[in-house]
Amino acid sequence: MDVIVAGDRAELVKAREALGIGEKISSGKATLALVPTMGALHEGHRSLLRLAREKADHVAVSIFVNPLQFGPTEDFSRYPRTFDADLEICAAEGVSLVFAPAAETMYLPDRQVGVSAGGMGAIVEGAFRPGHLDGVLTVVLKLFNLVQPDVAVFGQKDAQQLAMIRRMAVDLDLPISIVGAPTIREADGLALSSRNRYLSPNDRRAAPALSRALFAGAEQRTPGEIRRTAHAVLESEPSLDLDYLVLVDPATFAEVGEDHAGEAILAVAAKVGSTRLIDNVIVTL
């Protein structure tokens, strides 16, 4: 079956009817899995689509560059938009439905109500991008309400976003299973990102220092050693402009103390040239 493309609420309803979504099925899987994206799909997105196919009979992909999650000086206008290529990837990966709304479909001109990420949305990534996580949660909740998936799949690379969406699902009693998928990397360790295409050749050579720092830190055994080792690697690459390197609780994103036991997330954000990149690894203490 060809990919069905829907651009508004009415077309979504017709697409669900055409696919028989919501009807009882015998596979034992969920009916519909959603993979929210901003487009510019790459191999990392393909991994999300494949995982979604394991979880449900049908996979829906949303392609929407969400203005609410960009600050006034960020890259909304130049964010890559590759819709035709994205559709080809979706078709190759067995996606049933692509929801590609216009901004006016998602947001009324006099929009008043959104989702607050609360205190957890004001730390780490939220401290450097005020309002970013509010915008993420608002659009994700709207997509959930519109597409009505049983399962939603997100990448671990955006670890704080994933943690906040899981918290929103709990706090707002959303009947959706939130699934995290491992980060996909280039051969030299650089996490795949739609923004990697912004990197100049020199920036591209410097960027893997982020993952090298995370992997080196993850080999250590105490929070202090993890932080010191990772910082040392980052300091060896002078072209990086570091925003943060933190070791945090996976559920709250609060910094962990020296007595922390169990999982933690070592996360980094830095500008490489004019391009801001994020990455993280899970460590066990």
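Placed above this text is the structure.
The rules behind each value
The written sequence of each chain sets the order in which its residues are numbered from 1. Only residues with pLDDT of at least 70 get local features here, since the model is predicted, and only at 80 or more are side-chain atom pairs given and counted; chain-wide, interface and lining totals rely on the full set of residues. With hydrogens and water set aside, each side-chain value is computed from the structure's full complement of heavy atoms. Every case where a carboxyl oxygen of Asp or Glu lies within 4 Å of a side-chain nitrogen of Lys or Arg is listed as a salt bridge. Each helix is a run of DSSP H or I of at least 4 residues and each strand a run of E of at least 2, with the numbering of both proceeding from the N terminus. A simple rule labels every residue: compare its accessible area, found with a 1.4 Å probe on the protein chains alone, to the largest value its type can have, and call it buried under 20%, exposed over 50%, or partly exposed in between. Following DSSP output, two strands are said to pair if at least two bridges run between them. Think of each axis as a best-fit line through the C-alpha atoms, taken over the contacting stretch in the case of a helix, with angles from 0 to 180 degrees between the N-to-C directions. For a helix, the expected span equals 1.5 Å multiplied by the residue count minus one. Grid points spaced at 1 Å and placed over the protein atoms alone form the basis of the search, with a cavity being a set where a 1.4 Å probe fits but cannot get out and a pocket an open set showing protein on both sides within 12 Å along at least five of seven lines. Lining residues have an atom within 4 Å of a point. Grid points are joined across faces, edges and corners, and a volume is the space filled by probe spheres set on the points. Side-chain classes are defined by residue name, with Ala, Val, Leu, Ile, Met, Phe, Trp, Tyr, Cys and Pro counting as nonpolar, Asp, Glu, Lys and Arg as charged, and the others, Gly among them, as polar. To pair, rings of Phe, Tyr and Trp, with the six-membered ring standing in for Trp, must have centres within 6.5 Å; the planes then decide the type, stacked if under 30 degrees apart, edge-to-face if over 60, and tilted in the middle. Counted as a polar contact is a pair of N or O atoms within 3.5 Å, where, for protein atoms, one must be capable of donating a hydrogen and the other of accepting one, and residues adjacent in sequence contribute only when both atoms are in side chains. Should any heavy atoms of two residues lie within 4.5 Å, those residues are counted as being in contact. Only buried residues count toward a nonpolar core. Its members are Ala, Val, Leu, Ile, Met, Phe, Trp, Tyr and Cys residues joined through side-chain atoms within 4.5 Å.

Participant: Can you help me understand the pattern of salt bridges in this one?
Facilitator: Any two side chains of opposite charge can pair, so long as their charged atoms come close to each other. Within the structure shown, the criterion is met by 12 salt bridges. For the salt bridge of Glu93 with Arg46, the shortest nitrogen-to-oxygen distance reads 2.7 Å. Placement of the pair is Glu93 in the loop between α3 (83-92) and β4 (97-99) and Arg46 in helix α2 (residues 43-55), with a sequence separation of 47 residues. A relative accessible area of 11% means that Glu93 is categorised as buried. For Arg276, the salt bridge is made with Glu125, and the minimal N-O distance between the two is 2.6 Å. Of this pair, Arg276 sits in strand β9 (residues 275-284) while Glu125 sits in helix α5 (residues 125-128), placing them 151 residues apart in sequence. For Glu125, a relative accessible area of 6% corresponds to the buried category.

Participant: In this structure, what is going on with the sheet that holds β9? I would like to understand it.
Facilitator: By way of backbone hydrogen bonds, the strands of a sheet pair with one another, either parallel or antiparallel. Here three strands make up an open sheet; going across it, the order is β7-β8-β9 and the pairing antiparallel. A single partner strand is all that each edge strand has here, and the edge strands are β7 (240-248) and β9. Averaged over all pairs of adjacent strands, the angle between their axes in this sheet comes to 15°, without regard to strand direction. Bridge count between β7 and strand β8 (residues 263-272): eight bridges; the pairing is antiparallel. Among the inter-strand pairings, Leu247 is bridged to a residue of β8, identified as Leu266.

Participant: Explanation requested: helix α6 (residues 132-147) in the structure shown.
Facilitator: Since the α-helix turns once every 3.6 residues, residues separated by three or four places project in the same direction. For α6, which comprises 16 residues, the first-to-last C-alpha distance of 22 Å matches the rise-based estimate of 22 Å (1.5 Å per residue) to within 8%. Looking at the residues trailing α6, positive phi occurs at Gln148, about 60°.

Participant: Even after reading the chapter, I still don't get the environment of Val113, so can you show me in this structure?
Facilitator: In this fold, Val113 is placed in the loop between α4 (103-106) and α5. Linking Val113 and Gly131, residues 18 residues apart in sequence, is a C-alpha distance of 14 Å.

Participant: I tried to follow empty space enclosed by the protein on my own but got confused; where do I start?
Facilitator: Where empty space is left in the structure can be found by rolling a water-sized probe over the atoms. Enumeration over the complete set of coordinates arrives at one cavity of 30 Å³ or more. A volume near 60 Å³ is recorded for the largest cavity. The wall of the largest cavity is formed by Lys157, Gly189, Leu190, Ala191, Ser193, Asn196, Ala207, Leu210, Ser211, Leu277, Ile278 and Asp279. At the level of elements, α9 (209-218) and β9 are the ones that each hand at least two residues to the lining of the largest cavity. At three residues, the largest contribution of residues to the lining of the largest cavity is made by β9. Each residue belonging to the lining of the largest cavity can be placed in one class, and the counts come to six nonpolar, four polar and two charged.

Participant: What exactly am I supposed to notice about the packing of aromatic side chains here?
Facilitator: Centre-to-centre distance and the angle between the planes together describe a pair of aromatic rings. Tallying each qualifying case throughout the model produces five aromatic pairs. With a centroid separation of 6.1 Å and 50° between ring planes, the pair formed by Phe64 and Tyr107 is classed as tilted. Taken together, the positions of Phe64 in the loop between β3 (56-63) and α3 and Tyr107 in the loop between α4 and α5 put the pair 43 residues apart, joining distant regions of the chain. Summarising the aromatic geometry, the rings of Phe128 and Tyr244 are spaced 5.6 Å apart at their centres and angled 45° between planes, so their arrangement reads as tilted. With Phe128 in helix α5 and Tyr244 in strand β7, this pair connects stretches of sequence that are 116 residues apart. For Phe128, a relative accessible area of 40% corresponds to the partly exposed category.

Participant: Teacher, can you tell me more about the side chain of Ser96 here?
Facilitator: Here Ser96 is to be found in the loop between α3 and β4. Side-chain polar atoms of Ser96 contact the side chain of His58, separated by 3.0 Å. Setting aside residues no more than four positions away along its own chain, Ser96 makes contact with Asp2, Val3, Ile4, Leu19, His58 and Val59.

Participant: Where do I start with the nonpolar core in this structure?
Facilitator: Nonpolar side chains in soluble globular proteins tend to end up buried together. With 47 residues, the main nonpolar core has Phe144 and Ile178 as its most contacted residues. Leave out the neighbours within four places in its chain, and Phe144 touches Leu34, Pro149, Ala152, Phe154, Ile165, Met168, Leu174, Ile176 and Ile178. Residues Leu199, Ala207, Leu214 and Leu247 belong to the second largest nonpolar core, which totals 25 residues.

Participant: I'm lost on unusual backbone geometry in this one. Help?
Facilitator: Only a minority of non-glycine residues have a phi that is not negative, and only a minority of peptide bonds are not trans. The phi dihedral of Ala40 falls on the positive side, at around 50°, and the residue is not glycine. On the secondary structure map, Ala40 appears in the loop between β2 (30-37) and α2. In this structure, Gln148 takes a positive phi of about 60° despite not being glycine. Structurally, Gln148 can be placed in the loop between α6 and β5 (151-155).

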